[in-house]
Amino acid sequence: GRLLYDGNFENLIKKHSPLKQITVVLDEEIEGGRIKDFGNLYKYEYPEWILRVKRNEINKVAAEILEKFPVEDINIEDQEIDSVIRDLFIKARK
């Protein structure tokens, strides 16, 4: 076997996951076409809208969402560790 990473989870996520996930709960339904310009759309099923955004754009995108849409709640988090590890193994196989 080959060691792919030696360190803690926090550093693993920062090093190998260029994206953060924004989960938005909307107050009212919006047209799907209005959300396509905000990061990578992961899922949209009213009232939940999930997108993935580059780390360096997260503040700008979150501010725009809060300004332009009827938001009940918003949550910003790192990608789940299992998807980061899966991507790391896929990259290592190439």
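Our structure's up above, just so we're on the same page.
Residues numbered from 1 in each chain as written. Predicted model: local features only at pLDDT ≥ 70, side-chain atom pairs only at ≥ 80, totals over all residues. Heavy atoms only, no water.

Trainee: Talk me through a negative patch on the surface; I want residue IDs and the actual numbers.
Mentor: Side chains of Asp-27, Glu-28, Glu-72 and Asp-73 sit close together on the surface and give a patch of like negative charge. Relative to the helices and strands, Glu-72 resides in strand S4 (residues 71–78). Overall, the relative accessible area of 55% leaves Glu-72 in the exposed class. (Patch = residues over 30% accessible without salt bridge, like charges linked within 9 Å, V, L, I, M, F, W, Y side chains within 5 Å. Areas by Shrake-Rupley, 256 points an atom, 1.4 Å probe, with all protein chains shown as cover. Salt bridge = Lys/Arg side-chain N within 4 Å of Asp/Glu carboxyl O. Lys, Arg positive; Asp, Glu negative; His and termini not counted. Charge placed at Lys NZ, Arg CZ, Asp CG, Glu CD. Helix = DSSP H or I, 4+ residues; strand = E, 2+ residues; numbered from the N terminus. Buried < 20%, exposed > 50% of the residue type's maximum accessible area, 1.4 Å probe, protein only.)

Trainee: Hey, could you go over the side chain of Gln-21 for me, with residue numbers and the actual values?
Mentor: Within the secondary structure, Gln-21 is located in strand S1 (residues 19–26). In terms of polar contacts, Gln-21 uses its side chain to reach the side chain of Arg-52, at 3.1 Å. Not counting the four nearest positions on each side in its chain, Gln-21 is found in contact with Ile-50, Leu-51, Arg-52, Asn-75, Ile-76 and Glu-77. (Polar contact = N/O pair within 3.5 Å; in protein donor to acceptor, adjacent residues only side chain to side chain. Contact = heavy atoms within 4.5 Å.)

Trainee: Before we move on, can you summarise helix H2 (residues 58–68) with the specific residues and values?
Mentor: Those residues of H2 that sit buried are Ile-58, Val-61, Ala-62 and Ile-65. Projection of H2 onto a plane perpendicular to its axis shows the buried side chains occupying an angular sector of 100°, all on one side. Those residues of H2 that are exposed and angled more than 90 degrees off the buried face are Asn-59, Lys-60 and Glu-67. Where the residues of H2 are buried, they touch S1, strand S3 (48–54) and S4. (Arc of directions from axis to C-beta.)

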